[in-house]
Amino acid sequence: MALQYLLSGITKGSIYAVVAIGFNLIYSATGVLNFAQGEFVMLGGMVAIMLAQLGLPLVVAVGAAVIVVSAVGCLLEITFFRKLRHHSILHMIIITIGLSIVIQEIALHIWDEKVRSLPYFTGNEVSSLKFFGAAISPQVLWVLGAIAVSVVLLHIFLRYTLQGRAMRACASNPEAAMLAGINIPNMRTLSFGLSAALGGLAGCVISPITMTHYEMGAPLAIKGFAAAILGGLGNPMGGVIGGLTVGILEAFAVSRLPAAFNDVAAFVVLLLVLFVRPHGLLGRPGGEAVREH
Amino acid sequence: MERPAFTDMAFLEVENVRRSFGGLVALDRVSFTVCRGQIKGLIGPNGAGKTTLFNMVSGLLAPEVGQIRFKDRTITGLKPFQIARLGISRTFQNPSLFLRMTVLENVMVGRHLRSRASFLSSSLRLPGQVREEQHIRAEAWRHLEPLGLAALADRPAGSLAFGQRRMVELARALATEPELLLLDEPASGLNTREKADLNQVIRRIRASGVTLLLVEHDMALVMDLADDIVVLHNGTPIAHGPPATIQNDPNVIQVYLGGEPDGIPPAGELNLKWTRPR
Amino acid sequence: MRFLQCNTPFATFAVLAVVTQLVLRAAGMEYCLTQLTMALYYALVVLGLCLVTGHAGQVSLGHAAFFAIGGYTSAFLTTHDFGPLPEPAWATGLKQARVLIEHSDLYGGTALSVSPWAAVVVALLLTFVVAHLIGYPALRLKGHYLAMATLGFGLIVSKIVVGTAQLGASDGITGVPEWPLGFGLTVSGRRTLRVENYYIACGLLLLTLVLLRNLIRSRVGRALQAIHDRETAANAMGINTAAYKLGAFVLSALLAALAGVFFTHYTGSISPSEAGALKSVRYLALAAAGGMASLWGVTAMSVILNYLSLRGFFGSYDNAVFGAILILIISLAPEGPLKPLGQWLRHGLNRNHHPRDETTGAPPGASDGAPRIH
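Computed from a predicted structure; not experimentally measured.

How each quantity is defined
Residues numbered from 1 in each chain as written. Chains lettered and ligands numbered in written order. Predicted model: local features only at pLDDT ≥ 70, side-chain atom pairs only at ≥ 80, totals over all residues. Helix = DSSP H or I, 4+ residues; strand = E, 2+ residues; numbered from the N terminus. Contact = placed C-beta atoms within 7 Å. Core = buried A, V, L, I, M, F, W, Y, C linked by C-beta atoms within 7 Å. Buried ≥ 20, exposed ≤ 12 C-beta atoms within 10 Å, placed from the backbone. Domains from an automatic or database assignment. Nonpolar A, V, L, I, M, F, W, Y, C, P; charged D, E, K, R; others polar. Pairing = 2+ DSSP bridges. Axes fitted to C-alpha atoms, helices over the stretch in contact; angles between N-to-C directions. Expected span 1.5 Å × (residues − 1). Parallel < 35°, antiparallel > 145°, perpendicular 65-115°, else oblique. Left-handed = near helix turned anticlockwise from the far one by under 90°. pLDDT = per-residue confidence, 0-100.

Looking now at the overall build of chain A. Of the regular secondary structure elements, chain A holds eleven helices and two strands. Put simply, chain A runs from its N terminus to its C terminus through helices and strands in the order α-α-α-α-β-β-α-α-α-α-α-α-α. The C-alpha extent of chain A, read off along each of the three principal axes, is 55 × 45 × 35 Å. If you take every contact in chain A between residues at least 6 apart in sequence, the share linking residues at least 24 apart comes to 74%.

This is the structure we're talking about:
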């Protein structure tokens, strides 16, 4: 039974991890904490579902959805954040929250309130694999696989490719990066595009399990943010640990607490971590959480 | 110039203080005392740990080892605002004004610890608060005028030139009526004329009974003003004494001019003008 | 003259309030006063944020929670049947002191509940305690971290509210009794009391504005501004920064709770949506749109936009329009659309007389200083 909870926690957690990585990517390249991150997940699912219903093969639908969402991400950066770079944290928070609300409402008017989902990638809702006595849907494997692969690819990109290194350079020292001839605005756009693509992909693979609904973005954003903080803000791979922690915590809370309270546990832990170790479980103390400006 | 002798017991005592950042030791085994009424100079190449020391005396940083005592009371571990209330005020290397407030308001903030109005009495404008507010304003003006800032009183601090910011910051620090004033490179960024003014202002401050601890790179100014100088190098004091002694101390000359006996490259940021302008 | 100059905005506010009521009466549209009254109460929350975020520089994304704590506590205590009580001396004492009062319940029986005044006191006390418990650790954090901590707190409160059967779960609490304030005034949604309640809300808002204005132009206001501008320097100047931040936070939490209490007794009900994160965001956004630090800008923005929203002016696109307005205002006029207007007014007035030694030098009608958020 515990294993079952653990598995469900890991599944949820991997989605939070993707959102957290998305947060971190954008945050470290631009300093913007993008509260609209969860909307990318929702959009990914919605677009893929729409395309699949038009009769496109699943792979094409998912691929196209990822590209569309990524384009939306780039567009947001170009329209709203290029000009606003020197704005205060508060303004950024409000703008991204505003964007999140607007995207949600647009989704509501395009796709209405219905709960939708993509078909299972392989098998169907009853097919399951046995794993040490716990039942897993093959879709869970798809989720874990897709996310693991994209996280690894992202890691390789950031660490070993020129573009990825340039992006990390922007994050750690924008002035030096600029002097080295890196086009910083483009890097920032790229960070939005990448993190939107990641979110979009997560939205597709998770859709058969959790369903896709226009309101799903905001809670994901908040938990993803919690995960990002737990893993240490600005550290992309820390988000993986943070996401899994939040997911597993939530899964076990479901077994102990009344259903209505199962989010409360995650938020209480978030507050405790913020109050006791604001730099995250992995981060170093003395970071910006308590630093002036 | 004749220098008074200080037989008074220690006013500020820094005792065997150590502080490191990560693996880097910024200060180690630093001890010295400041006597009441003195101007104590603190010099040393960049990175010698002067500002770190200031930050520890004013409570922004805590020493890892050692103690700091002010008027025989241990102040290590106290918060900056508590230390300020005991009578230690400071300026910052980069003037740290409240940029969205006017010059007058900045100096009025200096009166904070000499006034008491609370959330309640302020929002209700109780008679005591109104009177206190008038007093704060009057006192702020009193500290603005001698520094030649009266004309700037209503200007937003953010619109001032660098030299003016230094003066406002000084006025703000003085408005707290400190017994000990820490000045962190007050002359840096000032032109010759402003430096001469500063020299006069510091003398007046001392004459009013305030003890000063002065970090400064302008050797002419320090040598002229200080009664006593501590030289820091790589986080430890290498010389201590009146300016005349310091100027002739072989260690100091080596650090500033020569490169060190053990081969550490010279701290080449200074072109020492050891002679006072006549 | 000085007095007049300082207080013109307040007089203008009062005149505007009366004129609005008279015009609405003449136009036969007095029903609009209901939503206007609600918008006035919401403005109290936003004014609290103006103090804590605009002046002290501390972001809060959890103020709807304080509104809800106020509203729900009061609603629960005044509607819950605590009877039949045991009969020891303290219970009778409470009844005699009219802390507990008997009233008829939905089914015609009698129920024993807490009187509105006592409930309000408890609500404010509870808010005071909770604001300290959250504010003390949270205010050590900065920027995004503080935003997240307050958001997390708000979410916890909203989940608890939705998940607790005694608080009506997703239906909220209805049938909240009216609140006799004394002096012949009653906070109530009765139609006959509509005008009276409109003026109660106006009066409360005006009082809050006066108190906050005084606070901002005082030693405390300067300390908060100093913390906002440069916390280290403020601390080195002898300001107990932690205590002042907490003070501003608690005060703004109490304002939000007070708004919640009045709102609940006025509408006779409270629903979980009042505790939602979306509400917190709305409050903060309204404050930002009003220029953050400007009491008048913030008041105007929040009354107007909330009124339009409550009247259903934005239709089914309410949230979208709201979101879009926020994005537009913040991207085009980050210091609030009223700032340029204020400057223009200031310019015009300064030509006539020079209010030199006024605390902030701000002439009437202008904003209370530069918007101050970093």
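Here the focus is the nonpolar core. Soluble, globular proteins show a tendency: their nonpolar side chains are buried together. Grouped together as the largest cluster of nonpolar side chains are 288 residues, with contacts concentrated most on Val46(C) and Ala259(C). The element best represented in this core is helix α2 (residues 32-55) of chain C, accounting for 16 residues. When residues are assigned to domains, this core turns out to be shared by domain 1 (10-87 + 188-249) and domain 2 (98-177) of chain B, each giving three or more. Those residues in contact with Val46(C), other than ones at most four positions away along the chain, are Tyr283(C), Leu286(C), Ala287(C), Val298(C) and Ser302(C).

Further remarks concern the interface of chain B and chain C. Every contact between the two is made by 32 residues of chain B and, on the other side, 26 residues of chain C. Partitioning the side of chain B that touches chain C into residue classes produces 14 nonpolar, nine polar and nine charged.

Moving on, we get to the sheet that holds strand β5 (residues 73-74) of chain B. Residues and elements named next belong to chain B. The four strands lie next to each other as β2-β1-β4-β5, forming an open sheet whose pairing is antiparallel. Of all strands in the sheet, those bounded by a partner on one side alone are β2 (24-35) and β5. Here strand β1 (residues 10-21) pairs with strand β4 (residues 65-70) via five bridges, running antiparallel. Directly across from Arg18, in β4, lies its bridge partner Val65. In the packing of helix α1 (residues 50-57) onto the sheet, contacts are made with β1, β2 and β4, and the angle to β2 comes to roughly 65°.

On to helix α6 (residues 143-163) of chain C, then. The end-to-end C-alpha distance of α6(C), which contains 21 residues, comes to 30 Å, matching closely the 30 Å that a straight helix rising 1.5 Å per residue would cover. α6(C) sits mainly inside the fold: 19 of its 21 residues count as buried.

A few words now on the packing of helix α3 (residues 63-79) of chain C against helix α10 (residues 241-267) of chain C. Between two packed helices, the angle of one axis relative to the other and the distance separating the axes together describe the packing. All names here are of chain C. Put simply, α3 and α10 touch, their axes get as near as 7 Å, and they point 45° apart. Comparing the axis directions of α3 and α10 gives the class oblique. Pair α3 / α10 crosses with right-handed handedness. Of the residues in α10, those in contact with His63, Phe66, Phe67, Ala68, Ile69, Gly70, Gly71, Ser74 and Ala75 of α3 are Ala253, Ala256, Ala257, Leu258, Ala259, Gly260, Val261, Phe263, Thr264 and His265. Of the residues in the contact of α3 with α10, the class split is twelve nonpolar, seven polar and no charged.

Here we take up the interface of chain C and chain A. Contacts between the two partners involve 39 residues from chain C, matched on the other side by 36 residues from chain A. Elements represented by at least two residues in the side of chain C that touches chain A include exactly α6, α9 (231-236), α11 (277-289) and α13 (318-332) of chain C. Among the elements that make up the side of chain C that touches chain A, the one with the highest residue count is α6(C) (15 residues). Taken together, the residues of the side of chain C that touches chain A sort by class into 25 nonpolar, ten polar and four charged.

Residue and element names in this part refer to chain B. Strand order across the open sheet formed by six strands is β6-β7-β8-β3-β9-β10, with mixed pairing between neighbours. Strands at the two margins of the open sheet, each flanked by one partner only, are β6 (88-90) and β10 (236-241). When the angles between neighbouring strand axes are averaged without regard to direction, this sheet yields 20°. In terms of strand pairing, β6 meets strand β7 (residues 180-184) through three bridges, oriented parallel. When the bridges of β7 are listed, Arg90 appears paired with Leu182.

All names here are of chain B. What the domain assignment lists for chain B is domain 1 (10-87 + 188-249) and domain 2 (98-177). Relative to domain 2, the C-alpha centre of domain 1 lies at a distance of 26 Å. Each partner contributes to the interface: domain 1 provides eight residues, whereas domain 2 provides seven residues. Considering every element that reaches the side of domain 1 that touches domain 2, the biggest residue donor is helix α7 (residues 192-207), with three residues.

All names here are of chain B. The sheet contact formed by β1 and β2 spans eight bridges and is antiparallel. Residue Val14 lies in a different strand from β2, and its bridge partner there is Phe32. Between β1 and the antiparallel strand that follows it, β2, lie two residues; Gly22 among them carries a positive phi value of about 60°.

Residues and elements named next belong to chain A. Confidence in the prediction for chain A averages 83 pLDDT; 91% of positions are at 70 or higher. Per-element confidence in chain A ranges from a low mean pLDDT of 72 for strand β1 (residues 129-131) to a high of 93 for helix α2 (residues 37-53). Long-range and interchain partners of residues 286-293, a stretch whose pLDDT sits below 50, account for 13 contacts in this model, where long-range means more than four residues apart.

On a regular strand, each side chain points to the face opposite its neighbour's, so the side chains alternate between the two faces of the sheet. Residues and elements named next belong to chain B. Burial of strand β8 (residues 211-215) is extensive: five of the five residues sit out of reach of the surface. The pairing of strand β3 (residues 39-43) with β8 spans four bridges and is parallel. The residue bridging Gly41 from the neighbouring strand is Leu214, located in β8. In terms of strand pairing, β7 meets β8 through five bridges, oriented parallel.

All right, on to the confidence of the model for chain B then. Residue and element names in this part refer to chain B. In the predicted model, chain B carries a mean pLDDT of 87, and 89% of its residues have values of at least 70. Mean pLDDT in chain B bottoms out at helix α10 (residues 250-258), which sits at 77, and peaks at helix α3 (residues 103-110), which reaches 96. With pLDDT under 50 throughout, residues 260-278 is counted as low confidence; its partners more than four residues away or in other chains account for 28 contacts. Model confidence for the complex is summarised by a pTM of 0.88, with the ipTM given as 0.88.

Turning next to the environment of Leu22(C). Residues and elements named next belong to chain C. Tracing the sequence through the fold places Leu22 in helix α1 (residues 2-26). Its 10 C-beta neighbours within 10 Å are what place Leu22 among the exposed residues. Sequence-wise, Leu22 and Tyr198 are 176 residues apart; in three dimensions their C-alpha atoms are separated by 12 Å.

On to the environment of Ala17(A). All names here are of chain A. Within the secondary structure, Ala17 is located in helix α1 (residues 2-30). In sequence terms Ala17 and Gly242 are 225 residues apart; their C-alpha atoms lie 6.7 Å from each other. Each residue touching Ala17, except ones within four places of it in the same chain, is listed here: Ile147, Ala227, Gly239, Val240, Gly243 and Leu244.

All names here are of chain A. In the contact formed by α2 and helix α8 (residues 184-210), the axes pass within 7 Å of each other and the chain directions differ by 55°. Considering their axes alone, α2 and α8 lie oblique with respect to each other. Where α2 crosses over α8, the two elements pack in a sense that is right-handed. Of α8, the residues touching α2 (which contributes Gln37, Phe40, Val41, Met42, Leu43, Gly44, Gly45, Ala48 and Ile49) are Ser195, Ala196, Gly199, Gly200, Leu201, Ala202, Gly203, Cys204 and Ser207. Here the contact of α2 with α8 is composed, by residue class, of ten nonpolar, eight polar and no charged.

In this model α13(C) runs 21 Å from its N-terminal to its C-terminal C-alpha over 15 residues, within 8% of the 21 Å that 1.5 Å per residue would give. Residues of α13(C) that are buried include every one of Ala320(C), Phe322(C), Gly323(C), Leu326(C), Ile327(C), Ile329(C) and Ile330(C), and no others. Among the structural elements, α4 (89-111) of chain A together with α11 and α12 (295-310) of chain C are those in contact with the buried residues of α13(C).

Residue and element names in this part refer to chain B. Residue position: Leu183 is located in strand β7. Its 26 C-beta neighbours within 10 Å are what place Leu183 among the buried residues. Put simply, Leu183 and Asp228 are 45 residues apart on the chain and 15 Å apart in space, counted from C-alpha to C-alpha. Non-local contacts of Leu183, meaning those with residues more than four positions away in its chain, are made with Thr91, Leu212, Leu214 and Val215.

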